[in-house]
Amino acid sequence: MLELNLTKNTNDQLPGTLGKYYARVEYKDTMGIDKLAKHMHQHNAVWSRGLVVGLLTDLTDCIKELALQGYVVKIDDLGLFKATVEANGLTLQQGAKVTAGRGVQRKDEELQADISKQQFAIKNVKLLVQATGETTIDSMNGDAQTTFTSKAKALVLSLTGSNENENENQNTGGNSGNSGGNTGGNTGGDTGGNTGGTTGGGEEGGM
């Protein structure tokens, strides 16, 4: 069951969003490898908890290693794992010095004063996860059950005087605009391409 909190948007950058309330997932806990191994072991007693921990640890290390070598690692019906970069804007002109390395974005004033200041192509390297296979928006919508947290319920009641229209645990309204898409929120995201969350609405990315 996904529990939802409500957050009021105070950002007026997107027309029509200021003052509206947006649902966000209330996360219960962070499941590390040990907890995930225990959960998997409870599903299948054939594997010992220690074996599952070892497999998950090796899987994690190998995904990171391969991603940092430029490979895309695909785990069927879960996601594509790959490295992505948060890019700096480069000023390319005569006398400029650039590197494919990581560093801070050079300010325009710095480069105007001295074009030979070392410029770095990227600010950060991140891991991107994109859903694949049967892990689509349609399948997630079909499997998910949602409810408001007690805090959100109290907020709705105090502002509307009623919670009769909450419609908990229902997947009504269809999947308009989402059909066939993948859930795979960008973990990290590319500068200028994939932004890590919609103003006022979307969950923020980051891994």
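This section reports on the structure supplied with the text. (Residues numbered from 1 in each chain as written. Predicted model: local features only at pLDDT ≥ 70, side-chain atom pairs only at ≥ 80, totals over all residues. Heavy atoms only, no water.)

Side note on the sheet that holds strand β3 (residues 73–75)
Taking strand neighbours across the sheet as the criterion, the four strands line up as β3-β4-β6-β5 in an open arrangement whose pairing is mixed. What marks the edges here is a single partner per strand, and that holds for β3 and β5 (97–102). Averaged over all pairs of adjacent strands, the angle between strand axes in this sheet comes to 30°, irrespective of strand direction. Judged from the nine bridges that link them, strand β4 (residues 79–87) and strand β6 (residues 118–131) form a sheet pairing that is antiparallel. (Pairing = 2+ DSSP bridges. Helix = DSSP H or I, 4+ residues; strand = E, 2+ residues; numbered from the N terminus. Axes fitted to C-alpha atoms, helices over the stretch in contact; angles between N-to-C directions.)

Comments concerning a nonpolar patch on the surface
Taken together, V46, W47, L51 and L55 make up a surface patch of nonpolar side chains, about 410 Å² in accessible area. Examined against the element boundaries, L55 turns out to sit in helix α2 (residues 49–67). (Patch = residues over 30% accessible without salt bridge, like charges linked within 9 Å, V, L, I, M, F, W, Y side chains within 5 Å. Areas by Shrake-Rupley, 256 points an atom, 1.4 Å probe, with all protein chains shown as cover. Salt bridge = Lys/Arg side-chain N within 4 Å of Asp/Glu carboxyl O.)

Here's the deal with the pattern of salt bridges
Considering all chains together, one arrives at four salt bridges under this definition. With its nearest N and O atoms 3.3 Å apart, the salt bridge here joins K126 to E86. Separated by 40 residues along the polypeptide, K126 in strand β6 and E86 in strand β4 bring together distant segments of the chain. For the salt bridge of E110 with R106, the shortest nitrogen-to-oxygen distance reads 3.4 Å. Classification of E110 as partly exposed rests on a relative accessible area of 26%. Its relative accessible area of 19% is what places R106 among the buried residues. (Buried < 20%, exposed > 50% of the residue type's maximum accessible area, 1.4 Å probe, protein only.)

Structural notes on the pairing of β6
Relative to β6, β5 runs parallel, the two being bridged by four bridges. Paired with R102 across the strands is I122, a residue of β6.

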